[in-house]
Amino acid sequence: MEKNPFSLFDFLGYFIPGAFGLFLFYFLQNNAGLEYYFEVDNIKNLNTDISFLYITFFVILSYTLGHILSFLSTLTIENFAVWMLGYPSKNLLGIYGTEKYFEKKYKNLNINKKATYLSYSLRFLLFIFLAPISFLSITIGEVLDLNNSVYKKSLKEPYISLIKTKIEGLFRGLDNNLQIDLIKHDYNKLLIHHSYNINVPHQPKLMNYVSLYGFLRVISFLLNLLSIFMLLKIFLFNENLNINIFEEFNIESIILFISSFLTYITYLGYLKFYRRYTQENLMILLL
């Protein structure tokens, strides 16, 4: 597959999320409040005189910001999904871990207690930071069984047995004496490169999945930031401390509920395409 200097992933994974982030910042920094943009006269008075220099600066800034947001979404949302639900490469083969979100397995048993407490603290802070995702995951996600149906659902036989045999054979081809443990070992790193190189016709499909789940992960991260911002603005930065959200159901409250719901929806979309990408890598082994 010929490598393009500016691929689909650059647009979906970096430029569009970066541009979306800049637009959110532009709208939220208005001192008049979000209600300002819901009036037609105010929209008509917006400055639409945009120069070529401004567009160039906007494209460069959006692309750069997109890289930063993508990295942050990997540190937060991707780690949260793995800690909460496990890796899709394991789930698809019916290899379910017994650890919980607040459990961490160490290869070295001689671990400093401070490091353990720090790990638990960071996971707790991440759980709070991703409140729209974490709380909806343990409520709606559990009630509707979305976690299992979208992300943790395994393949059926005979695919599981055939794929496991192919994986073991692939590693034996590298070292005939190597005993691969599908539970403990990270076999997916090799499968990603193997699947991409072994089947050229499937490369565009694989890259499309990467672009889609990368895009949805960053958008979910941005919507989560919007939800946190609106939550703080309503309950902490409001001059009136005696807030009754049902009596004062204004534009900001509506945006909070919508952004929180969309954060979870885009998170589910990320899980869906992350799983499909991994499934595609596994199924290529059987071709």
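The coordinates are above.
Residues numbered from 1 in each chain as written. Predicted model: local features only at pLDDT ≥ 70, side-chain atom pairs only at ≥ 80, totals over all residues. Heavy atoms only, no water.

### With respect to the overall build of the chain
Here is step 1: Looking only at helices and strands, the chain features twelve helices and zero strands.
Here is step 2: For the chain, the α and β elements follow one another from N to C terminus as α-α-α-α-α-α-α-α-α-α-α-α.
Here is step 3: As displayed, the chain offers around 17700 Å² of accessible surface, 64% of which is attributable to carbon and sulfur atoms. (Helix = DSSP H or I, 4+ residues; strand = E, 2+ residues; numbered from the N terminus. Areas by Shrake-Rupley, 256 points an atom, 1.4 Å probe, with all protein chains shown as cover.)

### With respect to helix α1 (residues 8-28)
Here is step 1: For α1, which comprises 21 residues, the first-to-last C-alpha distance of 29 Å matches the rise-based estimate of 30 Å (1.5 Å per residue) to within 8%.
Here is step 2: The sharpest bend along α1 measures roughly 30 degrees and falls at phenylalanine 15, with the proline proline 17 sitting one to four residues further on. (Expected span 1.5 Å × (residues − 1). Bend = angle between axes of the 7 residues up to and from the residue.)

### Some remarks on the packing of α1 against helix α3 (residues 52-85)
Here is step 1: Put simply, α1 and α3 touch, their axes get as near as 7 Å, and they point 105 degrees apart. Compared by their axis directions, α1 and α3 come out roughly perpendicular. For the pair α1 and α3, contact is made by Asp10, Gly13, Tyr14, Phe15, Pro17, Gly18, Ala19, Gly21, Leu22 and Phe23 and by Phe58, Val59, Leu61, Ser62, Tyr63, Leu65, Gly66, His67, Leu69 and Ser70, respectively.
Here is step 2: Partitioning the contact of α1 with α3 into residue classes produces twelve nonpolar, seven polar and one charged. (Axes fitted to C-alpha atoms, helices over the stretch in contact; angles between N-to-C directions. Parallel < 35°, antiparallel > 145°, perpendicular 65-115°, else oblique. Contact = heavy atoms within 4.5 Å. Nonpolar A, V, L, I, M, F, W, Y, C, P; charged D, E, K, R; others polar.)

### So, the packing of aromatic side chains
Here is step 1: This model, assessed by the stated rule, comprises 14 aromatic pairs.
Here is step 2: Note on tyrosine 213 and tyrosine 274: the rings are 5.1 Å apart at their centroids and 45 degrees apart in plane angle, and the pair reads as tilted. Here the residue tyrosine 213 occupies a position in helix α11 (residues 203-235), and tyrosine 274 occupies one in helix α12 (residues 251-284), the gap between them amounting to 61 residues.
Here is step 3: Overall, tyrosine 274 belongs to the buried group, its relative accessible area being 12%.
Here is step 4: An aromatic cluster is built from Phe80, Phe127, Phe135, Tyr264 and Tyr267, whose rings are joined through pairwise contacts.
Here is step 5: Sitting over the ring of tryptophan 83, arginine 123 keeps its end group 4.1 Å from the ring centre. (Phe/Tyr/Trp six-rings, centres within 6.5 Å; stacked < 30°, edge-to-face > 60°. Buried < 20%, exposed > 50% of the residue type's maximum accessible area, 1.4 Å probe, protein only. Lys NZ or Arg CZ within 6 Å of the ring centre and 35° of its normal.)

### Some details on the packing of helix α10 (residues 188-198) against α11
Here is step 1: At a minimum axis distance of 8 Å, the contact between α10 and α11 shows a crossing angle of 140 degrees. Compared by their axis directions, α10 and α11 come out oblique. Of the residues in α11, those in contact with Ser195, Tyr196 and Asn197 of α10 are Gln203, Leu206 and Met207.
Here is step 2: Here the contact of α10 with α11 is composed, by residue class, of three nonpolar, three polar and no charged.

### Comments concerning the environment of histidine 202
Here is step 1: Among the structural elements, histidine 202 can be located in the loop between α10 and α11.
Here is step 2: Classification of histidine 202 by relative accessible area gives partly exposed; the value is 22%.
Here is step 3: Measuring from C-alpha to C-alpha, the distance between histidine 202 and glutamate 280 comes to 8.7 Å, with 78 residues separating the pair along the chain.
Here is step 4: When residues no more than four places from it in sequence are discounted, the contact partners of histidine 202 are Glu280, Ile284 and Leu287.

### Examining the side chain of serine 134
Here is step 1: Within the secondary structure, serine 134 sits in helix α6 (residues 131-138).
Here is step 2: Once residues within four sequence positions are removed from consideration, serine 134 is found in contact with Phe80 and Phe127.

### Topic: the side chain of serine 73
Here is step 1: As for its position among the elements, serine 73 is in helix α3.
Here is step 2: Side chain to side chain, serine 73 and arginine 217 meet in a polar contact 2.9 Å long.
Here is step 3: In this structure serine 73 touches Glu78, Arg217, Val218 and Phe221, once residues within four positions along its chain are discounted. (Polar contact = N/O pair within 3.5 Å; in protein donor to acceptor, adjacent residues only side chain to side chain.)

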